[in-house]
Amino acid sequence: MANFLVLFGGGFLFIFGLVCVLDGFENWRQARLIEDTPTETVAAAAAGRTELTGVGRTLDTPVDRLLADERCLVSRYEIERWDDSDDDGRWHTVARGTVWEPFQVDDGTGTMRVEPDDGTNFVVNDDHRKQRTVGAYEDEPAYLTEYRRAHIGEPVPQSDPPEKRRYTETWIPVGADLYLLGGAEPSDSGDGTTSGLVLRRDATSDSLVVSEKSQTELVEEGKTRDIPMLVGGTLASATGLYFVHDNLAIVIGGFLVLAALSHLLFESELAGR
């Protein structure tokens with residue numbers, strides 16, 4: 001039993017540290033990309049990797065906010081239901097996602113159309129976050145129902161007896177000062193752009209960043225967060241490897257199988273809601 005616990009604990013440390021190292025390296029890579037790419041004006045931008053700053057403006061279809069009768073550029077939501085099956089109770093996520101539409105950035109020298117996708121890194125200021133809790137026997141407010149119907153489609157799963165729900169949103173408002181990093185491409189239609197270009201995910205770096213925070217803030221936050229993650233992850237992996245080096249292949253294989261099964265169970269649970 002003791003040997004099993006040593007193997008399990010060492011294997012956990014090794015895998016956990018490896019994940020931290022990979023995640024920290026990817027974040028560090030993006031921080032370096034942000035730091036090393038020079039900022040251009042829209043008027044001077046050419047096709048290829050492009051870094052811009054400017055004001056975000058809507059095009060034809062603005063995005064609704066979750067918790068206010070306002071429009072925005074990007075809306076990120078999370079809906080949770082209280083679960084008191086445990087002694088202490090906890091919030092259980094039943095829906096989350098991000099809603100956006102193409103918009104334009106205006107830096108005073110011209111405009112460029114921006115087309116986010118599922119892989120876009122949206123960075124929101126801390127003060128653009130709002131939360132509301134709805135009691136167990138309260139009806140869902142009308143504006144929440146409209147948002148859900150428009151962007152989520154399904155009702156929030158309710159328990160029996162009913163439990164309270166919590167709605168959280170973060171958003172990028174219309175008119176926000178933005179930092180953007182992506183790949184500029186010739187526009188097919190010219191809609192929303194005076195530059196003849198559209199900003200999409202950069203094919204070389206596989207990055208599109210839309211941020212309310214400045215280049216300096218993003219780089220400093222990256223250094224503060226990623227260096228400890230890389231160092232801590234390396235130490236955790238080295239410690240785990242010390243304990244399991246004789247059975248490393250078995251431990252890694254076992255954790256990969258467990259991770260795959262957990263992912264499948266999680267996806268099945270979401271699909272069944």
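Nothing here was measured: the structure is a model prediction, and the numbers come from that model.

For the chain, the count of helices and strands is four helices and twelve strands. Sorting the 273 residues of the chain into buried and exposed places 38% on the buried side. For the chain, restricting intrachain contacts to residue pairs at least 6 apart in sequence, the fraction spanning at least 24 positions comes to 72%. For the chain, the exposed area adds up to about 15100 Å²; of that, 55% sits on carbon and sulfur atoms.

On to the side chain of Ser211, then. Summarising the element assignment, Ser211 is placed in strand E12 (residues 209–211). Polar contacts involving the side chain of Ser211 include one to the main-chain amide nitrogen of Lys213, which spans 2.8 Å. In contact with Ser211, not counting residues within four places along its chain, are Val123, Asp177, Leu178, Tyr179 and Leu218.

Next up on the list: the environment of Ser211. The class of Ser211 is buried, set by a relative accessible area of 0%. The sequence separation of Ser211 and Asp177 amounts to 34 residues, and the corresponding C-alpha distance is 8.5 Å.

For the rest of this paragraph, the subject is the nonpolar core. Within the largest apolar cluster, 21 residues are counted, with the highest numbers of intra-cluster contacts made by Phe103, Met112, Ile172, Leu178, Leu180, Leu199 and Val210. Here Phe103 is in contact with Gly56, Arg57, Thr58, Leu59, Leu73, Met112, Arg113, Val114, Pro116, Leu178, Leu180 and Val210, once residues within four sequence places are set aside. With 14 residues, the next largest nonpolar core counts Leu66, Ala95, Val99 and Leu144 among its residues.

Bringing the pattern of salt bridges into the picture now. Evaluated as defined, the whole model comprises 13 salt bridges. Glu169 serves as the salt-bridge partner of Arg65, at 2.6 Å between the closest nitrogen and oxygen. Of this pair, Arg65 sits in the loop between strand E2 (63–64) and strand E3 (71–83) while Glu169 is found in strand E9 (residues 165–173), placing the two residues 104 residues apart along the sequence. When its relative accessible area of 6% is taken as the criterion, Arg65 is described as buried. With a closest N to O distance of 3.1 Å, Asp117 and Arg201 form a salt bridge. One end of the pair, Asp117, is in the loop between strand E6 (111–114) and strand E7 (121–123); the other, Arg201, is in the loop between strand E11 (197–200) and E12, with 84 residues separating them in the sequence. Several salt bridges share partner residues, and in doing so they unite Arg113, Glu115, Glu185 and Arg200 into one network.

It is worth spelling out the packing of aromatic side chains at this point. Following the criterion strictly, the structure yields three aromatic pairs and no others. Consider the rings of Trp100 and Phe122, whose centres lie 6.0 Å apart with planes at 45°: the pair is tilted. Of the two residues, Trp100 is situated in strand E4 (residues 90–100) and Phe122 in strand E7; the sequence distance between them amounts to 22 residues. Exposure class is identical for Trp100 and Phe122. Each is buried. Positioned over the ring face of Trp171 is Arg65, at 3.5 Å from the centre of the ring. Between the NZ or CZ atom of Lys164 and the centre of the ring of Trp82, over which it lies, the distance is 4.9 Å.

The next subject is helix H2 (residues 142–152). Leu144, Thr145, Tyr147 and Arg148 are the residues of H2 that are buried. Buried residues of H2, viewed axially, fall in a sector of 165°; they line one side. Seen from the open side of H2, the exposed residues pointing more than 90 degrees away from its buried face are Ala142, Arg149 and Ala150. Buried residues belonging to H2 abut E2, E3, E4, strand E8 (129–134) and E9.

So, about the confidence of the model for the chain. When pLDDT drops low, the exact placement of atoms in the prediction is not to be read closely. Averaged over every residue, the pLDDT of the chain is 79; the share at 70 or more is 67%. Mean pLDDT per element in the chain: helix H4 (residues 248–271) is the minimum at 49, and strand E5 (residues 103–106) is the maximum at 96. A low-confidence stretch, residues 265–273 (pLDDT under 50), is modelled with six contacts involving residues beyond four sequence positions or located in other chains.

What counts, and where the lines are drawn
- Residues numbered from 1 in each chain as written.
- Predicted model: local features only at pLDDT ≥ 70, side-chain atom pairs only at ≥ 80, totals over all residues.
- Heavy atoms only, no water.
- Helix = DSSP H or I, 4+ residues; strand = E, 2+ residues; numbered from the N terminus.
- Buried < 20%, exposed > 50% of the residue type's maximum accessible area, 1.4 Å probe, protein only.
- Contact = heavy atoms within 4.5 Å.
- Areas by Shrake-Rupley, 256 points an atom, 1.4 Å probe, with all protein chains shown as cover.
- Polar contact = N/O pair within 3.5 Å; in protein donor to acceptor, adjacent residues only side chain to side chain.
- Core = buried A, V, L, I, M, F, W, Y, C linked by side-chain atoms within 4.5 Å.
- Salt bridge = Lys/Arg side-chain N within 4 Å of Asp/Glu carboxyl O.
- Phe/Tyr/Trp six-rings, centres within 6.5 Å; stacked < 30°, edge-to-face > 60°.
- Lys NZ or Arg CZ within 6 Å of the ring centre and 35° of its normal.
- Arc of directions from axis to C-beta.
- pLDDT = per-residue confidence, 0-100.

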